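This is what each chain is made of:
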Amino acid sequence: MAPYFRNCLNFSSVALQIQNVNWQVPMNRRAHHTDKFSSQDSIVRRGQPWEIILVCNRSLESGEDLNFIVSTGPQPSESARTKAVFSISGRSTGGWNAALKANSGNNLAITIASPVSAPIGLYTLNVEISSRGRASSLKLGTFIMLFNPWLQADDVFMSNHAERQEYVEEDSGIIYVGSTNRIGMVGWNFGQFEEDILNISLSILDRSLNFRRDPVTDVARRNDPKYVCRVLSAMINGNDDNGVISGNWSGNYTGGVDPRTWNGSVEILKNWKKSGFRPVQFGQCWVFAGTLNTVLRCLGVPSRVITNFNSAHDTDRNLSVDVYYDAMGNPLEKGSDSVWNFHVWNEGWFVRTDLGPTYNGWQVLDATPQERSQGVFQCGPASVNAIKAGDVDRNFDMIFIFAEVNADRITWIYNNRNNTQKQNSVDTHSIGKYISTKAVGSNSRMDVTDKYKYPEGSSEERQVHQKALDKLKPNASFGATSSRNSEGEDKEPSISGKFKVTGILAVGKEVSLSLMLKNMTNDRKTVTMNMTAWTIVYNGTLVHEVWKDSATISLDPEEEIQYPVKIAYSQYERYLKADNMIRITAVCKVPDEAEVVVERDVILDNPALTLEVLDQAHVRKPVNVQMLFSNPLDQPVNNCVLLVEGSGLLRGSLKIDVPSLRPKEKSRIRFEIFPTRSGTKQLLADFSCNKFPAIKAMLPIDVSE
């Protein structure tokens, strides 16, 4: 008996050791709504408990304790809340805790809970075992912690299930583009759950200027969504910090990719990493916004993409934009203000602990590099509620964003001969139209203009504009009066004009319009018209003059005439950019009266690109898809490339070289996709050739298990 008894004693005097860790990844990820991420990592959301199982050499005995240490960032500390020590016996720092859920045989089931204010990011989990008077420590592994929009106490909490599904979990979407009279849309693959996108999103934070200057403080501040979002708005553009995308609005994209050809953010983020974190060339506003949206949703901030039509770029902070023409009808790139046909930014959803509850909810974030803020190209978060109220003295970048949706547009006529200019008109309601985002749960357009401002022309809207001007004193009121009361304000014009489209607007066809001129008086009027047409980029950058005409006509009392405008394909084909935009301007002059400026931007339609699914789509079964394209031109098209992508439908993207097409020839290309997830998925295609730089198509595909 004695030897056996001695062995028992030896066994119970063996120190407790951990032989294996089961991170319970599938169960925890389902509970934390992180099961869509394609990596195998342990990904949890803050403020919500999760479970691990420690496999030990024997069961846990009374008097033994496990101390856990979590840490994040390069120099974790308890004072910065980037490190916490807590034990199953209940001792804890920093709001973390652990509880022994089950102790059966050699398995210890342990629940770990983080505070809802924990910084997001990559954490290391260590354990110290106190057993039989001895202490040993072991690294258990790493986990990633994200914001938690499912938890009421989290700053990013979103209570509506359908909205949360759309703004956190939806991995594809629609971005609105075009102009006020021609709203178009492009599909976008956000792909926030695709392989490596989460790691890249975290590395964006680790490459920021803030992290490089002071990593300890930066990591500690990652508990705050408004801080994280502002850093991301700086890092998605490459201007100050080798961020993700390099912007280019010149119309010349050699050395990179025409911004119109991207189908989504996944390729962009992967290219950034692959290049050793050098900015990807090139992006324009919707590319910045689509990419920022991916990273926000990936990290757990509910977010959406917003398009503002007739968006003002007010560089001198006086809530007005100055637009110039010469007497011959040429739009001039004079002064630094501009009006973009459309501009795209993001809204993130979180509380504003710095401003108070009135300002909670949607916050504008803009990663497109337009103006510096605190020395860096970053913008927001700016509360949408504050914009509507005219509270431009609140953080962050309120004046600039308020002007984007509600500036006044002042037109000037510039005289080249003596370098003078005179004010032609003040327009108080053309800026900030049809502010749009994709609707929840459907592909229809939702107009959110009323969230940004009161109805144009209403007394509230003018009062808010005046309130904003008053808050900008002293320089604002000076700006307002100097621009509005300068030399050259004349009486009401005696004629009116507008351009009317009279033909089909399509690339390859003649552009046909009429200038409708009306005499609004009882006197006969002689009118001199100077007209030009320029190809432009959507932000107003002039590319090339493609047409001009001058004429003098007489108008009888109250007479209206139509003057034809015809621009042949041969005149514009070499200068048309992927935006397909032409700006037509007429400066109409009656002797001894102010000029009347008439302007119209037209967008030409691309030929149709059609996608068709040829089989029923099932998970993990190849599916055939067909692309149809017909060359509408009387000339061949060459260098044809088809790019296809879609999260859950194919890994990465497909690039297919398409044979050249003779005049009027049809093309039919088949390719295979391989769905990996069930549900409705979005397939996106971009077809480019020498005559059509970026023709888009999107197709929803229902994938069954």
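The residue count restarts for each chain, going from 1 along the sequence in the order it is written. For this predicted model, a pLDDT threshold of at least 70 governs which residues receive local features, and a threshold of 80 or more governs which side-chain atom pairs are given and counted, while totals over whole chains, interfaces and linings are taken from all residues. Note that the side-chain values use all heavy atoms of the structure and ignore hydrogens as well as water.

So the rule is basically this: UniProt positions are given in the numbering used here, feature names are shortened, and annotations may be inferred rather than shown by experiment.
Per an unreviewed UniProt entry, the protein goes by Protein-glutamine gamma-glutamyltransferase E and derives from Mus spicilegus. The UniProt entry for the protein carries the following text under Catalytic activity (unreviewed entry): "L-glutaminyl-[protein] + L-lysyl-[protein] = [protein]-L-lysyl-N(6)-5-L-glutamyl-[protein] + NH4(+)".

Considerations on the sheet that holds strand β21 (residues 420-427)
Our working rule: Two strands are said to pair when DSSP picks up at least two bridges between them. Counting from the N terminus, the helices are the DSSP runs of H or I reaching at least four residues and the strands are the DSSP runs of E reaching at least two.
Pairing is mixed across the open sheet formed by 4 strands, whose spatial order is β16-β15-β20-β21. On the outer flanks of this sheet lie β16 (331-332) and β21, each paired with one strand and no other. Pairing between strand β20 (residues 408-415) and β21: 7 bridges, direction antiparallel. The partner of Arg409 across the bridge, within β21, is Asp427.

Concerning the pairing of strand β8 (residues 121-131)
Direction of pairing for strand β4 (residues 65-72) relative to β8: antiparallel, over a ladder of 8 bridges. If you follow Leu66 over to β8, its bridge partner there is Ile129. Relative to strand β9 (residues 134-146), β8 runs antiparallel, the two sharing 11 bridges. Among the inter-strand pairings, Val127 is bridged to a residue of β9, identified as Leu138. Adjacent in sequence and paired antiparallel, β8 and β9 are bridged by 2 residues, among which Arg132 carries a positive phi angle near 55°.

Examining the pattern of salt bridges
Quick note on the threshold: Throughout this description, the term salt bridge denotes a Lys or Arg side-chain nitrogen within 4 Å of a carboxyl oxygen of Asp or Glu. Buried, partly exposed and exposed residues are distinguished by accessible area as a fraction of the type maximum, computed with a 1.4 Å probe on protein chains only: under 20%, between the cut-offs, and over 50%, respectively.
Applying the stated criterion across every chain, the model contains 41 salt bridges. Between Glu166 and Lys438 there is a salt bridge, with the nearest N and O atoms lying 3.0 Å from each other. Within this pair, whereas Glu166 is found in helix α3 (residues 161-169), its partner Lys438 is found in strand β22 (residues 433-438), the two being separated by 272 residues in sequence. An identical accessibility class is assigned to Glu166 and Lys438; each is buried. Between Arg394 and Asp393 there is a salt bridge whose closest N-O contact spans 3.8 Å.

As for helix α8 (residues 266-274)
When α8 is considered as a whole, its buried residues turn out to be Val266, Ile268, Leu269 and Trp272. Note on α8: the residue one or two positions beyond its end, Gly276, has a positive phi of about 75°.

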